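# Structural characterization, general
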Amino acid sequence: MSSLRRIKVVDSHTGGEPTRTVISGGPDLGSDSLVIRRDRFRQEFDHLRSAITNEPRGSDALVGALLCEPLDSTCATGVIFFNNVSYLGMCGHGTIGIVATLAYLDRIKPGKHRIETPVGVVEALLEPNGEVTVANVPSYRLASGVTVEVEGHGPVTGDVAWGGNWFFLVNDHGQDVSLENLESLTSFTWRIREALNRSGVTGEGGALIDHIELFVPSTIDGVDSKNFVLCPGKAYDRSPCGTGTSAKLACLFADGKIRDGEVWRQESLIGSIFEGTVRVSDNVVHPSIKGSAFITAETDLILDDKDPFCMGIRT
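Residues numbered from 1 in each chain as written. Predicted model: local features only at pLDDT ≥ 70, side-chain atom pairs only at ≥ 80, totals over all residues. Heavy atoms only, no water.

Once that is clear, we can look at the state of the cysteines. With the rule as written, the count across this model stands at zero disulfides. With no disulfide of its own, Cys 68 lies closest to Cys 75 among cysteine sulfurs, the gap being 12 Å. What makes Cys 68 buried here is its relative accessible area of 12%. Looking at Cys 91, it has no disulfide partner, and the nearest cysteine sulfur is the one in Cys 241, 7.3 Å off. (Disulfide = S-S within 2.5 Å. Buried < 20%, exposed > 50% of the residue type's maximum accessible area, 1.4 Å probe, protein only.)

Set out below in structure tokens:
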């Protein structure tokens, strides 16, 4: 029994996209800034990231959320987001998931709650009916009309934008954005990512663009757009993607296609919907994303040193 370690988690999904919130038993990362703690997680405890999110306990689509003591005393919690391959600056669906989790654990009540992330503090409004609106970090378009040569497809043009993670957003692509076409969509967007790397196209400061987002019109009445989002580990986002929708809102504002306070409804590949709005201050876009999360499990992950796959199957 001495070889066993337990990590307490609560699982949820937001628009179909899973979040695994670590309640206790995670690594001790100290009390430095969230950026330093995230880097310590990466450098010293990456095996636990893999154990929590990868098979046989997790899946490629799963996003982990490690709750941390915030430095900002006005925040309900700090959080470090991670997935099957790495770490995220911010996660929109994950933030909605941890708010639902904290409410489920009776740690918060309906109202506004501040949450500290490695890329800044976000504010979440929990409604009595369980809906959550996340006021995300400021978002912006870094470059528009960027063209790369995609193997097997030819030139593809898109925008580079920040919504808490770096995105390449493509409107003109000729793809059938449907669940039946998942394999082709994954291949196409992965080749776009490879083309960006080959061409040296990056986010600010040389940051890796690790999310690719395709758009088509939605066929649902009252919904503006449907997307396909390729996440860093090659899984697709089941939700409409909170940080991706934030990046989209920044591009729409830059193009004069959305104004302060207007609503943009974004559909995911599986049909779930986020409502996005923008608040503009001094020409800076502050996006908000509204959605709901549902609790799916409360459990202990058991890590057994004798298990050859204790720390996850890394691909």
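From this point, things continue past the structure.
We now examine the nonpolar core. One finds Phe 81, Phe 168, Ile 192, Leu 196 and Phe 228 to be the most contacted residues of the largest nonpolar core, which totals 55 residues. Ile 192 has contacts with Val 150, Val 156, Phe 168, Val 170, Ile 212 and Leu 214, leaving out every residue within four places of it along the chain. One finds Val 22, Ala 51, Ile 52 and Tyr 87 within the second-largest nonpolar core, a separate group that totals 17 residues. (Core = buried A, V, L, I, M, F, W, Y, C linked by side-chain atoms within 4.5 Å. Contact = heavy atoms within 4.5 Å.)

This brings us to the environment of Gly 244. Within the secondary structure, Gly 244 is located in helix α5 (residues 242–254). Residues Gly 244 and Arg 107, 137 residues apart in the sequence, show an inter-C-alpha distance of 28 Å. Excluding residues within four positions of it along the chain, Gly 244 makes contact with Phe 167, Leu 169 and Glu 213. (Helix = DSSP H or I, 4+ residues; strand = E, 2+ residues; numbered from the N terminus.)

This part takes up the packing of aromatic side chains. Per the counting criterion, the structure on display carries six aromatic pairs. Geometrically, the ring pair formed by Phe 41 and Phe 82 is edge-to-face, given 5.3 Å between the ring centres and 65 degrees between the ring planes. In this pair, Phe 41 is assigned in helix α1 (residues 34–44) and Phe 82 in strand β4 (residues 75–82), connecting sequence segments 41 residues apart. On the basis of relative accessible area, Phe 82 is assigned to the buried category, the value being 0%. (Phe/Tyr/Trp six-rings, centres within 6.5 Å; stacked < 30°, edge-to-face > 60°.)

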